[in-house]
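Inside the fold
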Amino acid sequence: MRATLIAALLLAATGAISLARVRMRAHRSSFVRDGLAQFAAAFAGRDLPPALLEQTYAHLIERREAVGENDAAHFLVAPGHDLRAVYHLDSIDIEDAVLVIADRARARIPKAHDLDELKGRVFTVADMVDFLEPYFEPQLMVE
């Protein structure tokens, strides 16, 4: 009798934890989907490759999570966000971010001399997208 009761309580606890995890994943997916839609809408009117926007958004969200930001606002990525202040990226981190974004999207990878241009040119999310855009041109994409 007692063993059955304990087993039932463990089963109920396991079910509750599983349900909570499923809800958390669904909640996160909803925030990511909405955040990505808002991010892409901020660039409406420009013919930017979807992979560029998706991978830029994904990388910046990962960056915010890596530094411990887990509130709902961390799913918002705006073109005007300062990469240093909001995402805690210094110049080397910005170079790494550009390389990761291009690689994940299977775009052409910027060369070392191309990355030198980042220092005086890329300060905001929009600057990063502008810098990466030429590497996503169809004739330059990796097959």
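If you're wondering where the values come from, they're calculated on a predicted model, not measured in any experiment.

Overview of the pattern of salt bridges
- Under the definition given, this model contains 6 salt bridges.
- The salt bridge involving arginine 46 is made with aspartate 130; its shortest N-O contact spans 2.8 Å. On the criterion of sequence distance, the pair formed by arginine 46 in the loop between helix H1 (2-41) and helix H2 (50-66) and aspartate 130 in helix H7 (residues 125-132) is long-range, its members being 84 residues apart.
- Overall, the relative accessible area of 36% leaves arginine 46 in the partly exposed class.
- A residue is classified by how much of its surface remains accessible, and aspartate 130, at 32% relative accessible area, is partly exposed.
- Through salt bridges with shared partners, a single ionic network connects Arg46, Asp130 and Glu133.

Overview of the confidence of the model for the chain
- Per-residue confidence for the chain gives a mean pLDDT of 83; residues scoring 70 or more make up 80%.
- H1 is the least confidently modelled element of the chain, averaging 72 in pLDDT, while H7 averages 96, the highest of any element.

Points about unusual backbone geometry
- Positive phi, normally seen in glycine, also occurs at histidine 88, with a value near 55 degrees.
- Overall, histidine 88 belongs to the partly exposed group, its relative accessible area being 39%.

Section: the side chain of arginine 64
- Along the chain, arginine 64 turns up in helix H2.
- A distance of 3.0 Å separates a polar side-chain atom of arginine 64 from the backbone oxygen of leucine 76.

Overview of the packing of H2 against helix H4 (residues 91-104)
- For the pair H2 and H4, interaxial distance at closest approach is 9 Å and the crossing angle is 135 degrees. Considered as vectors, H2 and H4 are oriented oblique to each other. As H2 packs across H4, the resulting crossing turns out to be right-handed. Residues Leu52, Gln55, Thr56, His59, Glu62 and Arg63 of H2 form the contact with H4, whose participating residues are Asp93, Ala97, Val100, Ile101 and Arg104.
- A class-by-class count of the residues in the contact of H2 with H4 yields 4 nonpolar, 3 polar and 4 charged.

Digging into the nonpolar core
- Counting 31 residues, the largest nonpolar core has Phe39, Val77, Leu83, Met128, Leu132 and Phe136 as its most contacted members.
- When residues of this core are assigned to their parent elements, the largest contribution, 6 residues, is made by H7.
- Discounting chain neighbours no more than four positions away, the residues touching leucine 83 are Leu60, His88, Leu89, Ile94, Val122, Phe123, Thr124, Val125 and Met128.

Focus: the packing of H2 against H7
- Relative to each other, H2 and H7 sit at 135 degrees, their axes nearing to 11 Å. Taken together, the axes of H2 and H7 are oblique relative to one another. Seen along the crossing, H2 lies across H7 with a hand that is right-handed. Residues Leu52, Leu53, Thr56 and Leu60 of H2 touch H7, and the partners they reach there are Val125, Met128, Val129 and Leu132.
- Residues that form the contact of H2 with H7 fall into these classes: 7 nonpolar, 1 polar and no charged.

Thresholds, definitions, all that
- Residues numbered from 1 in each chain as written.
- Predicted model: local features only at pLDDT ≥ 70, side-chain atom pairs only at ≥ 80, totals over all residues.
- Heavy atoms only, no water.
- Salt bridge = Lys/Arg side-chain N within 4 Å of Asp/Glu carboxyl O.
- Helix = DSSP H or I, 4+ residues; strand = E, 2+ residues; numbered from the N terminus.
- Buried < 20%, exposed > 50% of the residue type's maximum accessible area, 1.4 Å probe, protein only.
- pLDDT = per-residue confidence, 0-100.
- Polar contact = N/O pair within 3.5 Å; in protein donor to acceptor, adjacent residues only side chain to side chain.
- Axes fitted to C-alpha atoms, helices over the stretch in contact; angles between N-to-C directions.
- Parallel < 35°, antiparallel > 145°, perpendicular 65-115°, else oblique.
- Left-handed = near helix turned anticlockwise from the far one by under 90°.
- Contact = heavy atoms within 4.5 Å.
- Nonpolar A, V, L, I, M, F, W, Y, C, P; charged D, E, K, R; others polar.
- Core = buried A, V, L, I, M, F, W, Y, C linked by side-chain atoms within 4.5 Å.

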